[in-house]
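A closer look at the structure
One-letter residues, chain by chain:
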Amino acid sequence: MPAADASLRRSPIPAGNRGPLDAARLTAAVAAVGLDLTVIREIDSTNAALARIARGETSDPALAGLARQWRASPAPEDAPRGRGLALAAERQTAGRGRLDRSWVSRPGAGLTVSLLIQPRIAISRLGWLPMVVGMSLVSTVRAIAGVPAVLKWPNDVLVEGGKLAGILVEVVPVPASAPSVVIGFGLNVNAEPDELPDRSTSLLLAGADPAALDRTELLERILVGLVGALAAWEADPQAVRVAYLAMCATIGREVRVELPDGSADTGRATDVDPAGRLVVAGRAYSAGDVVHLR
């Protein structure tokens, strides 16, 4: 597998094009907020790679540095706030989204990134983590690209009904250790229509100024913002619900909830309860694919 290396760090990044990520700039920027980052050309899945590191199973030489850093990191209660690993890939060969859907992005067309952290929060509150990540991503793309991004429960990022980004959060059980969590997201940046699945969009197609679409700048701002959002959530877990309700376009809509067993329920989405479940026609759902109805 190609290394995470010098060719990536040497390449200049003209704003708004598909040049490679500036790994040196990103590494320095996110180190200031406690993240150890590696940029790699190609991998099966950034989420799967970090899960292997959490379990102590990786033998990939390109990720040896991240694996050493994770093994040497202190316990969550002793670590600096925000401490974790970040892995960005220019291309994934087996990326996954929610409900085991594939996530495909051509090199330079988007951002494919995962983080490995050990949250300082009760396990019972981890259901809110995907939504906290979604809120942070929405806030950053609104600020940088000026697009009217919103959330579809629980954490799909939409612009005018098209999917702009997906988020997948996975808990990695590790014996004799605090739970590790992998946070993965894919954001469509410069992708054109023929590069996207149906009902998807990109920042470019949503009307963002191409000059604002420097992927290195975007990723730096996203990661710094995400570390801050996670710290705020850990400090006050209950405060996030009000902000989420204001950002979630599912609330107040007629929706169809397609359930894992193949059945579906339809009704008006009225709330997200304290456990993070979507309330539709008086019933609370913790899992399912939500379709916004006209």
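From a predicted model like this one, the values you see are computed outputs, not experimental measurements. (Residues numbered from 1 in each chain as written. Predicted model: local features only at pLDDT ≥ 70, side-chain atom pairs only at ≥ 80, totals over all residues. Heavy atoms only, no water.)

**Digging into the overall build of the protein chain**
The secondary structure content of the protein chain amounts to 7 helices and 12 strands. For the protein chain, with 294 residues in total, the buried portion stands at 51%. Excluding contacts between residues fewer than 6 apart, the proportion of contacts in the protein chain whose partners are at least 24 apart in sequence is 67%. By element, 52% of the accessible surface of the protein chain is carried by carbon and sulfur atoms, the whole surface being about 12800 Å². (Helix = DSSP H or I, 4+ residues; strand = E, 2+ residues; numbered from the N terminus. Buried < 20%, exposed > 50% of the residue type's maximum accessible area, 1.4 Å probe, protein only. Contact = heavy atoms within 4.5 Å. Areas by Shrake-Rupley, 256 points an atom, 1.4 Å probe, with all protein chains shown as cover.)

**A word on the side chain of Ser114**
Along the polypeptide, Ser114 turns up in strand β3 (residues 110–117). Here Ser114 falls in the buried class, since its relative accessible area comes to 0%. Separated by 2.6 Å, the side chains of Ser114 and Thr46 make a polar contact. At a separation of 2.5 Å, a polar atom in the side chain of Ser114 contacts the side chain of Asn47. If we skip the residues at most four places from it in the chain, Ser114 touches Thr46, Asn47, Leu50, Leu85, Ala86, Leu87, Val182, Ile183 and Gly184. (Polar contact = N/O pair within 3.5 Å; in protein donor to acceptor, adjacent residues only side chain to side chain.)

**Considerations on the side chain of Asp36**
Among the secondary structure elements, Asp36 is positioned in strand β1 (residues 35–43). Discounting chain neighbours no more than four positions away, the residues touching Asp36 are Leu66, Gln69, Arg83, Gly84, Leu85 and Ala86.

**As for the pattern of salt bridges**
A full pass over the atoms with the stated rule returns 16 salt bridges. Its salt-bridge partner being Arg52, residue Asp44 comes within 3.2 Å of it at the nearest N-O pair. Looking at Asp44, the relative accessible area reads 26%, which means it is partly exposed. Note that Glu90 is salt-bridged to Arg215, the shortest N-O span being 3.0 Å. Taken together, the residues span a long stretch of sequence, with Glu90 in strand β2 (residues 84–92) and Arg215 in helix α6 (residues 215–235) at a distance of 125 residues. Here Glu90 matches Arg215 in class, with each residue buried. Through salt bridges with shared partners, a single ionic network connects Arg25, Glu217, Glu220 and Arg221. (Salt bridge = Lys/Arg side-chain N within 4 Å of Asp/Glu carboxyl O.)

**Considering the environment of Leu126**
Examined against the element boundaries, Leu126 turns out to sit in the loop between β3 and α5 (129–145). C-alpha separation for the pair Leu126 and Val181, spaced 55 residues apart in sequence, amounts to 9.4 Å. Beyond its immediate sequence surroundings of up to four residues, Leu126 is in contact with Pro119, Ile121, Val171 and Trp233.

**Let's talk about the sheet that holds strand β9 (residues 264–272)**
By way of backbone hydrogen bonds, the strands of a sheet pair with one another, either parallel or antiparallel. One open sheet holds the 5 strands; their spatial order is β11-β10-β9-β8-β12, and the pairing between them is antiparallel. Looking along the sheet, the strands with just one partner apiece sit at the ends: β11 (283–285) and β12 (289–292). Averaged over neighbouring strand pairs, the angle between their axes works out to 45° when direction is ignored. Examined bridge by bridge, strand β8 (residues 254–258) and β9 share 5 bridges and lie antiparallel to one another. Residue pairing in the sheet places Val255 in a bridge with Gly267 of β9. (Pairing = 2+ DSSP bridges. Axes fitted to C-alpha atoms, helices over the stretch in contact; angles between N-to-C directions.)

**Focus on the packing of α5 against α6**
The geometry of α5 relative to α6 is characterised by a closest axis approach of 9 Å and an angle of 135° between their N-to-C directions. Here α5 is positioned oblique relative to α6, judged by the angle of their axes. Crossing geometry of α5 relative to α6 is assigned as right-handed. Contacts from Leu129, Val132, Val133, Ser136, Leu137, Thr140, Ala143 and Ile144 in α5 reach Glu217, Leu218, Arg221, Ile222, Gly225, Leu226, Ala229, Leu230 and Trp233 in α6. When its residues are assigned to classes, the contact of α5 with α6 shows 12 nonpolar, 3 polar and 2 charged. (Parallel < 35°, antiparallel > 145°, perpendicular 65-115°, else oblique. Left-handed = near helix turned anticlockwise from the far one by under 90°. Nonpolar A, V, L, I, M, F, W, Y, C, P; charged D, E, K, R; others polar.)

**Observations concerning the confidence of the model for the protein chain**
Note: predicted coordinates in regions of low pLDDT should not be interpreted at a detailed level. Residue-level pLDDT values for the protein chain average 87, and 86% of them are 70 or greater. For the protein chain, the element scoring lowest by mean pLDDT is helix α1 (residues 6–10), at 34; strand β4 (residues 150–152) scores highest, at 98. (pLDDT = per-residue confidence, 0-100.)

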